[in-house]
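This is what each chain is made of:
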There are 2 protein chains.
Amino acid sequence: MVLVLNQRYVPSCPKTSSDMSDLLFLGLDGGGTKCRARLRDGRGILLGEGTGGPSNIRLDPDLAWTSMREACREALAQAGLAESDLARVHAGMGAAGAGQTSAVERFLSRPHPFASFSIDTDAHTAWLGAFGGGDGAILIVGTGSCGYGGAAGQCHYVGGWGYEISDEGSGAAIGREALRRAIWAHDGRAPSTPLSQAILAEFGNEPEATVDWVGKARSSDYARFAPLVLQHAERRDPLGIDLVSWAAHGLAGIAARLLDLGAPALCLFGGLGEPLRPWLPPPIQKAIVPPAADALDGAIILGRAASERRP
Amino acid sequence: MVLVLNQRYVPSCPKTSSDMSDLLFLGLDGGGTKCRARLRDGRGILLGEGTGGPSNIRLDPDLAWTSMREACREALAQAGLAESDLARVHAGMGAAGAGQTSAVERFLSRPHPFASFSIDTDAHTAWLGAFGGGDGAILIVGTGSCGYGGAAGQCHYVGGWGYEISDEGSGAAIGREALRRAIWAHDGRAPSTPLSQAILAEFGNEPEATVDWVGKARSSDYARFAPLVLQHAERRDPLGIDLVSWAAHGLAGIAARLLDLGAPALCLFGGLGEPLRPWLPPPIQKAIVPPAADALDGAIILGRAASERRP
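Not measured: the values here are computed from a predicted model.

> Sorry, what's going on with helix α13 (residues 295–309) of chain B here?
Side chains that are three or four residues apart share a direction in an α-helix, a result of its 3.6 residues per turn. Residues and elements named next belong to chain B. An ideal rise of 1.5 Å per residue puts 21 Å on 15 residues; α13 measures up with 21 Å between its terminal C-alpha atoms. The buried fraction of α13 amounts to 12 of the 15 residues, a majority that puts the element mostly inside the structure. Of all the positions in α13, only A295, L296, D297, G298, A299, I300, L302, G303, R304, A305, A306 and S307 are classed as buried. Taking the backbone nitrogen of L296 as reference, a side-chain oxygen 3.2 Å away marks D294 as the first, capping residue of α13.

> Can you walk me through empty space enclosed by the protein in this structure?
Empty space left among the atoms is revealed by rolling a probe the size of a water molecule over them. Residue and element names in this part refer to chain B. Going through the model one piece at a time under the given rule, you end up with one cavity of 30 Å³ or more. Estimates place the volume of the largest cavity at around 40 Å³. Lining the largest cavity, in full, are W65, M68, R69, C72, L86, P113 and F114. When the residues that make up the lining of the largest cavity are grouped by side-chain class, the tally is six nonpolar, no polar and one charged.

> Looking at this structure, I do not really get the domain arrangement of chain A. What am I missing?
Residues and elements named next belong to chain A. When the domains of chain A are assigned, the result is domain 1 (17–132 + 292–309) and domain 2 (158–285). For domain 1 versus domain 2, the distance between C-alpha centres works out to 29 Å. With 11 residues of domain 1 at the contact, the number on the domain 2 side is 10 residues. Between domain 1 and domain 2 lies a buried interface of about 750 Å² when both sides are counted; carbon and sulfur atoms form 61% of it. Summed over the three residues of domain 1 that lose the most area to domain 2, namely R58, L59 and F131, the buried surface amounts to 46% of that side.

> Would you mind going over the interface of chain B and chain A with me for this structure?
Accessible area lost when the parts come together is the quantity often used to give the size of an interface. Listed per partner, the contact involves 34 residues of chain B and 34 residues of chain A. At the boundary of chain B with chain A, total buried surface from both sides reaches about 2,900 Å², with 51% on carbon and sulfur atoms. Looking at the side of chain B facing chain A, the largest losses of area belong to W161(B), I165(B) and R189(B), adding up to 25% of the total buried there. The closest approach of N and O atoms between R189(A) and E168(B), which form a salt bridge, is 3.0 Å. Where chain B meets chain A, there are 24 residue pairs in polar contact (both at pLDDT 80 or more). Elements supplying a minimum of two residues to the side of chain B that touches chain A: α3 (101–108), β8 (154–158), α5 (171–187), α7 (207–216) and α10 (238–260) of chain B. Split by residue class, the side of chain B that touches chain A holds 13 nonpolar, 11 polar and 10 charged.

> I would appreciate a short explanation of the packing of aromatic side chains in the present structure.
How two aromatic rings sit relative to each other is given by the distance of their centres and the angle of their planes. Under the definition given, this model contains 20 aromatic pairs over all chains. Their ring planes at 45° and their centres at 5.9 Å tell us that W65(B) and F117(B) sit as a pair that is tilted. In this pair, W65(B) sits in helix α2 (residues 61–78) while F117(B) sits in strand β5 (residues 116–121), placing the two residues 52 residues apart along the sequence. The class of W65(B) is buried, set by a relative accessible area of 10%. Considering the side-chain rings of F203(B) and F225(B), the 6.0 Å spacing of their centres and the 25° angle between planes classify their relative orientation as stacked. One end of the pair, F203(B), is in the loop between α6 (194–202) and α7; the other, F225(B), is in the loop between α8 (219–223) and α9 (226–234), with 22 residues separating them in the sequence. Classification of F203(B) as buried rests on a relative accessible area of 10%. Through pairs of rings, three or more aromatic residues link up here, namely Y163(A), F203(A), W213(A), Y222(A) and F225(A).

Rules used throughout
- Residues numbered from 1 in each chain as written.
- Chains lettered and ligands numbered in written order.
- Predicted model: local features only at pLDDT ≥ 70, side-chain atom pairs only at ≥ 80, totals over all residues.
- Heavy atoms only, no water.
- Helix = DSSP H or I, 4+ residues; strand = E, 2+ residues; numbered from the N terminus.
- Expected span 1.5 Å × (residues − 1).
- Buried < 20%, exposed > 50% of the residue type's maximum accessible area, 1.4 Å probe, protein only.
- Polar contact = N/O pair within 3.5 Å; in protein donor to acceptor, adjacent residues only side chain to side chain.
- 1 Å grid on protein atoms, 1.4 Å probe; cavity = no way out; pocket = protein on both sides within 12 Å on 5 of 7 lines; lining within 4 Å.
- Points joined across faces, edges and corners; volume = space filled by probe spheres on them.
- Nonpolar A, V, L, I, M, F, W, Y, C, P; charged D, E, K, R; others polar.
- Domains from an automatic or database assignment.
- Contact = heavy atoms within 4.5 Å.
- Buried area = accessible area lost by both parts, 1.4 Å probe.
- Salt bridge = Lys/Arg side-chain N within 4 Å of Asp/Glu carboxyl O.
- Phe/Tyr/Trp six-rings, centres within 6.5 Å; stacked < 30°, edge-to-face > 60°.

What follows is the structure in C-alpha cells.
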C-alpha cells in the first residue's frame, strides 16, 4: 500500500483555474482517540476542517466510520457544502490499524460516500506530509505509537504493531504501565507516590474496580492516563519520572532504528510527540526537524494522487 | 470471602463411619488453561479425579461452567457415580478471577447442580491446601500469577489482578513479552535469536499475522508460548534468558512482599512454579517449602467447611 515515490501530483493534462477550484480533496486522519478531517479545493485552498470520535479501523470499524462521518460533516459545513457533496470529493485517509490487510478489507467492505477513497496507514500519510515522498522518517506518538520511513525509496515500519505487543512509548503503553505500577504500590511492592495515589483514587482505591475497568478498557482508555503521568513527572514524582523515562526509552529504540535505516531526519507526530521530545536522548533530539506539512495534508496528497491515477 | 482461620473441619455432631462414607466432597480448581476436579468421601477416601478445559470465571463464565461439568463427569465416572449424584455433593472451588465480586456474581447467576457450592480464589484454596489455614504464603504461577498469604490470621493478595495490568512472571506475561521482543527482532530493533526466529516462524514471519492473532488472543493463548521460551532459555538463547530472568524478577517482587508481611514460608503452585523456581533469587528459594496438600484438597476443605456451617 506504499505510494510510488516522487509521484507527480500535478495533473498531467493542465486544467483551468475554475476547473481546479471545482475539485474537492479531503484528508482524513483516523487515530485511536479522534478522527480529523480537512477539505481543500484543487488549488489547495483550505475550505474546512472537522473532528470526530475514536477511529481505529482495526479495533472498531463501525465506530471508525461513524467518527469519520462526524468529522466530514463538520468540514463540509464550514465550507458551506452539504453531505451530498461528498460524492465529488476525492478522499485520502491515514488510519491507525491500516497496516493490517484484514482490517482494511473489513473496513472497506462498507460502502463509502466519496468519488474516490484511498487509505493507508497514519504513518504513511504523516510521512507524505512531512517529507512529500522524500528521504526521512516519522514517529507518531499518540494513543498508539509507530515509526516509519527510510531513504532511497525504501520505507519501513518500526513498531506500531498494536498496543498489546508493540506501540512502545505510546499513551496506551504509559497508561497501562501506570495502572500496573499503581497496583504495585497498592500491594506494598513499591513505594506509594502522589501519582500512584492519584491513579488508585480514580478507582476508589479498589483494585477490584480497576480490574473491572480493565476488562472493558480500549487503548484510548489507557491513554487517558498519560497526561496525568506527564503532569506528575514534571513535578518530579518518582513514579512519573520512571514511567516517562521508560516511554522515552521505548521511543528512542524505534527512532534509532529508523535513523540507522538511512533516514536523515525525523519528524514527530501525535499528541504526545512534543511533550515527550525533551525526554528523548540528545542524539535522537538532534535529528528532529519540523514537518513540511501535517498528516492531514499528507492524506490529501494520498487522495489526490489516487484520483489522478484514475483513467 | 476469606474463611475463618482455624475452623474445625470435623462435624460438631459425630457421625458413624457409614454416615461419613455417604458424604461426597468435590474440590475444583479453575484455571485459565484447565479445570481439575477431585472427589472424596467423608472419610477422605479418594473416589475419582477429572480434567476439563479453560475455566477463568472472569474472562468467560459460560466456558468455565462447561469445563467444570466436563471435569466433574470424569471424576464421577471414576467413582462409579452418575451426574445425578452431584445433588448430594458438597463442592468447593478455587478459581482464577474469583477475587472479582462482579465476576463471582455473574458466575453464580447460573444454577449449580450441587448440594452446596462454595467458591473462592484459586489462591485461597491453594493456601488452604498448603498450610491448612496456618501462617504461610503461596505463589501460583500458571497462565496467570498470584501471591497470597500472611501470618496471624491476616491474609493478603499480592499481584494476581489479571494479565492486562498484573500477573507478573505468569505464562501469559512471558508469552506476550516474547511476542513483543520477537517483533523487535523483526523490526531490526534487537538482535535475532533462535527463540525470536521460532516465534516469528509460528506466524509465517508476518507481523500482520501476529497482530491478527493478538486481536483474538486470550491469556491462555499467550501462555502457550511459555514452554518454548523456557526451552530456549535452557539452551542459553539470550532472549530466552532475558525473558525468564524478567519473569523471575517479577515473581521475586511478589514473593518478597509476602515474606515481608510475616509469612514464614512460601509454597509454589501452578505449572510454571517448579520450572521457574531455579531462576528465583536464592533468598526467595530458601523460603520455599512443599505444600501439606494441593489446591484441590484445599478446595475440598473449603466445600466441607461451608457444608458444616449449614444449619
